[in-house]
Amino acid sequence: MELRTLRYFVAVAEERHFGRAAARLHMSQPPLSRAVKQLEAEVGAPLFARSPAGVTLTAVGSVLLDEARALLGHADRVRERVRAAAGSGSLAIGILGDGTDPGVARVAAAFRRSRPGVDIRVRDTDLADPTCGLRAGLVDVALTRAPFDETALAVRTLRADPVGVVLRADDPLARRDGLRLAELSDRRWFRFPQGTDPVWQAYWHGGGPREGPVVRGVQECLQAVLWNGTVGLAPLGHRLPTELAVVPLTDMPPSRVVAVWNAGDSNPLVRSFVESAASAYAVSTSGPP
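Please read all numbers here as calculations on a predicted model, not as lab measurements. (Residues numbered from 1 in each chain as written. Predicted model: local features only at pLDDT ≥ 70, side-chain atom pairs only at ≥ 80, totals over all residues. Heavy atoms only, no water.)

Colleague: How do you make sense of the packing of aromatic side chains when you look at a structure like this?
Modeller: Given two aromatic rings, their pairing is described by the distance between the two centres and the angle made by the two planes. Evaluation of the coordinates by the stated rule reveals seven aromatic pairs. With a centroid separation of 5.7 Å and 70° between ring planes, the pair formed by Phe111 and Phe273 is classed as edge-to-face. Of this pair, Phe111 sits in helix H5 (residues 103-114) while Phe273 sits in helix H8 (residues 268-282); the two residues are 162 residues apart in sequence, bridging distant segments of the chain. The same class applies to Phe111 and to Phe273, which are both buried. With a centroid separation of 6.2 Å and an interplanar angle of 20°, the aromatic rings of Phe192 and Trp200 are classed as stacked. A relative accessible area of 4% places Phe192 in the buried class. Overall, Trp200 belongs to the buried group, its relative accessible area being 1%. An aromatic cluster of at least three residues, connected via ring pairs, comprises Phe190, Phe192, Trp200, Tyr203 and Trp204. Its end group placed over the ring of Trp189, Arg210 keeps NZ or CZ at 3.9 Å from the ring centre. (Phe/Tyr/Trp six-rings, centres within 6.5 Å; stacked < 30°, edge-to-face > 60°. Helix = DSSP H or I, 4+ residues; strand = E, 2+ residues; numbered from the N terminus. Buried < 20%, exposed > 50% of the residue type's maximum accessible area, 1.4 Å probe, protein only. Lys NZ or Arg CZ within 6 Å of the ring centre and 35° of its normal.)

Here it is in structure tokens:
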């Protein structure tokens with residue numbers, strides 16, 4: 001059985017109509033019908049019950065449909081892995097919505113140099129999804145921040161940034177050289193939407209439950225501080241509006257910039273991306289310039 005013929009068969013099975021399948025495959029109907037009849041001859045049994053309204057799968061056709069889908073999926077994965085090993089192919093990269101980190105641009109430049117033939121798709125995500133769509137299968141690898149639930153994931157730390165509290169510039173605490181989390185216990189904090197990774201949420205909440213506005217993005221966090229006097233947290237070194245100030249937190253563990261991918265993923269493009277990211281971030285390990 002040829003893969004092309006199996007693709008024809010799957011199209012007819014899914015469309016349940018030769019005409020619609022032919023249109024989907026961008027071909028005329030007669031050669032499609034001949035290909036399916038030849039496949040039925042090879043199998044030795046009808047694959048479809050035909051009627052003026054279209055076709056339905058026979059019992060044999062139903063078995064072949066499951067096997068054909070699995071075989072075609074495997075063939076596509078083989079093709080992608082071979083292309084990746086040859087330096088081409090495609091890679092979906094998730095990036096946390098933190099556009100102020102210049103490390104991202106360095107990673108992009110390093111990866112382009114090492115894999116110039118790769119087609120890159122970038123998925124920018126908000127702060128409610130620290131794995132940037134990785135768990136949902138939307139990306140192959142993510143450039144993000146830890147901590148989060150690392151179950152079934154592989155994580156490589158690229159840099160660790162100290163964290164500070166973001167306050168209005170006219171807040172009395174904004175004049176301090178350093179603060180402890182306990183000194184902020186009576187303040188309102190930003191919160192992430194319900195269902196956000198609990199490990200991630202606990203970190204940005206300073207380890208305890210908080211009350212305050214729900215936010216999804218960096219700018220929403222900053223606006224919550226500006227308009228409501230809400231406490232926000234941010235890695236030190238990030239640029240802020242002049243109306244805001246950041247004070248280092250002396251008892252807050254650092255925020256780790258990480259590359260993360262599915263454990264066991266053998267895609268060579270993922271490995272190449274992680275190595276490019278490690279090299280790019282090694283240029284500056286003291287935090288964002």
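There is more to say after this.
Colleague: Which parts of the structure should I look at to understand the environment of Thr125?
Modeller: Mapped onto the elements of the fold, Thr125 is located in strand E4 (residues 117-125). Note: C-alpha distance between Thr125 and Glu150 (25 residues apart in sequence) is 18 Å.

Colleague: What is the right way to read helix H7 (residues 218-228) from this model?
Modeller: For the α-helix, the turn length of 3.6 residues means that residues three or four positions removed from each other point alike. Taken together, the buried positions of H7 are occupied by Cys221, Leu222, Ala224 and Val225. The buried residues of H7 occupy an angular sector of 155° when projected down its axis, which confines them to one face. The outward face of H7, more than 90 degrees from its buried face, is lined by the exposed residues Gln219, Trp227 and Asn228. (Arc of directions from axis to C-beta.)

Colleague: What exactly am I supposed to notice about the sheet that holds strand E9 (residues 244-248) here?
Modeller: Consider a sheet: its strands pair through backbone hydrogen bonds, and that pairing is either parallel or antiparallel. Across the sheet, three strands lie side by side as E8-E7-E9; this open sheet has antiparallel pairing. Looking at strand neighbours, the two that pair on one side only are strand E8 (232-235) and E9, the edges of this open sheet. Pairs of neighbouring strands in the sheet enclose a mean axial angle of 40°, with direction left out of account. (Pairing = 2+ DSSP bridges. Axes fitted to C-alpha atoms, helices over the stretch in contact; angles between N-to-C directions.)

Colleague: Where do I start with unusual backbone geometry in this structure?
Modeller: Residue Pro147 follows Ala146 across a cis peptide bond; omega there is 15°. Looking at where Pro147 falls in the secondary structure, it is placed in the loop between strand E5 (141-146) and strand E6 (153-161). Look at His26: it is not a glycine, yet its phi comes out positive at around 60°. Considering the arrangement of structural elements, one finds His26 in the loop between helix H2 (18-25) and helix H3 (29-43).

Colleague: Is there a simple way to explain the pattern of salt bridges in this structure?
Modeller: Counted under the stated rule, the structure contains 16 salt bridges. Across the pair Glu15 and Arg24 runs a salt bridge whose closest N-O atoms are separated by 3.2 Å. Here Asp170 ties to Arg168 by a salt bridge, and the two come within 2.9 Å at their closest N and O atoms. Among the residues examined, Asp170 registers a relative accessible area of 52% and is labelled exposed. Taking relative accessible area as the criterion, Arg168 reaches 30% and is therefore assigned partly exposed. When salt bridges with common partners are traced through the structure, they connect Glu14, Glu15, Arg20, Arg24 and Arg69 into a single cluster. (Salt bridge = Lys/Arg side-chain N within 4 Å of Asp/Glu carboxyl O.)

Colleague: Even after reading the chapter, I still don't get helix H1 (residues 3-15), so can you show me in this structure?
Modeller: Taking 1.5 Å per residue as the helical rise, H1 with its 13 residues ought to reach 18 Å, and the 18 Å between its terminal C-alpha atoms agrees with that figure. Phi turns positive, to about 55°, at Arg16, one or two residues after H1. (Expected span 1.5 Å × (residues − 1).)

Colleague: It is not clear to me how the nonpolar core should be interpreted in this structure. Could you clarify?
Modeller: For soluble globular proteins, nonpolar side chains are generally found buried alongside one another. Within the largest apolar cluster, 33 residues are counted, with the highest numbers of intra-cluster contacts made by Val165, Leu179, Leu184, Trp204, Leu233 and Leu249. Of all the elements in the fold, those that place two or more residues in this core are strand E3 (88-96), E5, strand E7 (163-168), helix H6 (198-204), H7 and strand E10 (255-262). The residues touching Leu184, leaving out its near neighbours within four places in the chain, are Val165, Leu173, Leu179, Trp189, Arg210, Val231 and Leu249. (Core = buried A, V, L, I, M, F, W, Y, C linked by side-chain atoms within 4.5 Å. Contact = heavy atoms within 4.5 Å.)

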